[in-house]
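A closer look at the structure
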Amino acid sequence: MPTFADFRSDTVTQPTPAMRDAMARAPVGDDVFGEDPTIIELEQEGARLLGKEAALFLPSGTMANQVSVNLWTRPGDEVLLHEGCHVFRFETGGLAMLSGVQARTLPGIGGVVPISLLDSEVRPTFDAYPRTSLVVLENTNNWEGGAVLGPTYIDSVGEWAHGHGLKVHLDGARLMNAAVALGVECADFTRHVDSVTLCLSKGLGAPVGTLLATTRDSVAAARRVRKRFGGGMRQAGILAAAGLLALRDGPRALADDHRRARRLHDLIAATAGMKAQFPASNMVIVSLQSRTVEDTVSILRERGILVLGFGPGRIRFVTHRDLTDADIDRAAATLNEVFLNS
Ligand SMILES: Cc1ncc(COP(=O)(O)O)c(C=O)c1O
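Here the structure is a predicted model, which means the values were calculated and not measured.

Examining the nonpolar core
Within the largest apolar cluster, 51 residues are counted, with the highest numbers of intra-cluster contacts made by Phe57, Val135, Leu137 and Leu200. Sequence-distant contacts of Leu200, defined by excluding residues within four places in its chain, comprise Leu42, Phe57, Gly205, Ala206, Gly209, Thr210, Leu211, Gly243, Ala246 and Leu247. Counting residues in hydrophobic clusters, the runner-up holds 24 residues, among them Leu264, Ile268, Val293 and Leu300.

Below, the structure is given as C-alpha cells:
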C-alpha cells in the first residue's frame, strides 16, 4: 500500500497539536444561549477581520451560505450567480429546498460575471416574473480553479446591486486565499457586500467551522435561521478554539500553498496528453486529452496520489498545509509517467 499524498481538497488537513491542545483547554458554555466565551471571541475576531459589525459561527460553509441566502430572499425569488458557484452546484439543491428560490446562472471567465450581463438579467416588475433579490459571488472561485476576484470588481457589483435594490452575498470559503494572493486584507473585499462567509476548515486548517459576517441585526436574524436549519450548537467552543488558531496562524501557510500549486503547474505544463490551468491560488485544474477522468483518478490512486474528478475531462489538485515540496515533485513525476505511457 503506498503512502498517500492527498490533493483532493484543502479540507483534508489534520488539526495541529496546538489546535488539539487549545480545544482541550477551551472555556465553553451553551452557545444557543449565547454563553460560549470562546465562540464569542472567535465571532468578534472574525467580524473585525471581515470588516463587518458582527459574525456568527456555523458548522459548515454550506450552512453559512444557505443561511445567508435565506436571510436575503423570499420564496419564489430569483438569485443571480456564476454558473460554477458552489451555492448552485454543490449544495444539494439547497437554494430550492431550504429557501424556495430559483437560480439564474450566468457565465463569466474566472467567476467574473460582467456587470452588463447581471444588469440585463434583473427582472422588471411584472406579475409574470420572479423578483430578483440577490447576487451571489464566490472568492476564490472553486469551479474556476481557485480564480481570484479583485476588490474592484466586487465593489462594483455591490454598488451596482444596491442601486437596483438587490443584496450581495460573498461566498468567501477561501477568501483568505484571495487576500494572500493579492496581498490585501479580507475586509478589502467586503466593503459593498451584505454578507460574507469564511471557512476555517479549508486552507486555514481547523477541523470544523465557518464564519458568516454581516450587520449586528442581520446576525441576530441569521442566528434564528441557523437554529431552524438545525445548526444551533452547544459547547462548541472546543471547535471555536481551533478556529481561533486557524484565523491567527492559518494565513501564514497559504503563500506556500500557492507557491506549491504554481510549481506543480510548471512541472506538468509540458506533459503531453493534458493541459494544466495556471493557478491563481491553491488549485490546479488539469484537462485530460488522452485518458478518462475515472481511469486517471484510479491510476493515480494506485500510485499514492489522491485527486478529484472535477467535471467532464477535468481533475483537480488542491495544495494545503499537510503537503510538502516532495509531494509536489512526486505528483508531477507520477503524472508525467502515467501520461507518457498512455
Ligand atoms: C467555495 C465553497 N463554498 C462553500 C463550500 C462548502 O463548505 P463545507 O464543505 O464546509 O460545507 C465549499 C466546500 O468546498 C467551497 O469550495
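So, the site of the ligand
Around the ligand, the surrounding shell consists of Ser60, Gly61, Thr62, Asn65, His86, Glu91, Glu138, Asn142, Asp171, Ala173, Arg174 and Lys202. Between the ligand and Thr62 there is a distance of 2.6 Å, counted from an oxygen atom to a side-chain nitrogen or oxygen. Within the side chain of Asn142, an N or O atom sits 2.9 Å from an oxygen atom of the ligand. Protein chains shield 83% of the accessible area of the ligand, which is 390 Å² for the free molecule. Cavity membership is defined here by more than half of the atoms lying within 2 Å of grid points; on that basis the ligand lies in the largest pocket. Of all the elements, helix H3 (residues 61-72) adds the most residues to the shell around the ligand, at three residues. Residue composition of the shell around the ligand, by class: one nonpolar, six polar and five charged.

Section: the domain arrangement of the protein
We note that the domain assignment places domain 1 (17-249) and domain 2 (251-340) within the protein. Every contact between the two is made by 22 residues of domain 1 and, on the other side, 17 residues of domain 2. Overall, the association of domain 1 and domain 2 removes approximately 1600 Å² of surface from exposure, summing both partners, and the carbon and sulfur fraction of that is 56%. For the domain 1 face of the interface with domain 2, the top three residues by lost area are Trp143, Asn177 and Asp249, together amounting to 32%. Across the domain 1-domain 2 interface, the total number found is one salt bridge. Among the ionic pairs, Asp249 bridges to Arg252, the shortest N-O distance being 3.1 Å. Here the side of domain 1 that touches domain 2 is composed, by residue class, of 11 nonpolar, seven polar and four charged.

Some remarks on the packing of helix H1 (residues 17-25) against helix H10 (residues 237-249)
Each packed pair of helices is defined by two parameters, the angle between the axes and the distance between the axes. Packing of H1 against H10 leaves a shortest axis separation of 8 Å and a crossing angle of 140°. With respect to their mutual orientation, H1 and H10 come out oblique. Classified by chirality, the crossing of H10 by H1 is right-handed. Touching Ala18, Met19, Ala22 and Met23 of H1 are Ile238, Leu239, Ala241, Ala242, Leu245 and Ala246, all from H10.

Conventions we followed
- Residues numbered from 1 in each chain as written.
- Predicted model: local features only at pLDDT ≥ 70, side-chain atom pairs only at ≥ 80, totals over all residues.
- Heavy atoms only, no water.
- Core = buried A, V, L, I, M, F, W, Y, C linked by side-chain atoms within 4.5 Å.
- Buried < 20%, exposed > 50% of the residue type's maximum accessible area, 1.4 Å probe, protein only.
- Contact = heavy atoms within 4.5 Å.
- Near = heavy atom within 4 Å.
- Polar contact = N/O pair within 3.5 Å; in protein donor to acceptor, adjacent residues only side chain to side chain.
- Areas by Shrake-Rupley, 256 points an atom, 1.4 Å probe, with all protein chains shown as cover.
- 1 Å grid on protein atoms, 1.4 Å probe; cavity = no way out; pocket = protein on both sides within 12 Å on 5 of 7 lines; lining within 4 Å.
- Sits in = over half its atoms within 2 Å of the grid points.
- Helix = DSSP H or I, 4+ residues; strand = E, 2+ residues; numbered from the N terminus.
- Nonpolar A, V, L, I, M, F, W, Y, C, P; charged D, E, K, R; others polar.
- Domains from an automatic or database assignment.
- Buried area = accessible area lost by both parts, 1.4 Å probe.
- Salt bridge = Lys/Arg side-chain N within 4 Å of Asp/Glu carboxyl O.
- Axes fitted to C-alpha atoms, helices over the stretch in contact; angles between N-to-C directions.
- Parallel < 35°, antiparallel > 145°, perpendicular 65-115°, else oblique.
- Left-handed = near helix turned anticlockwise from the far one by under 90°.

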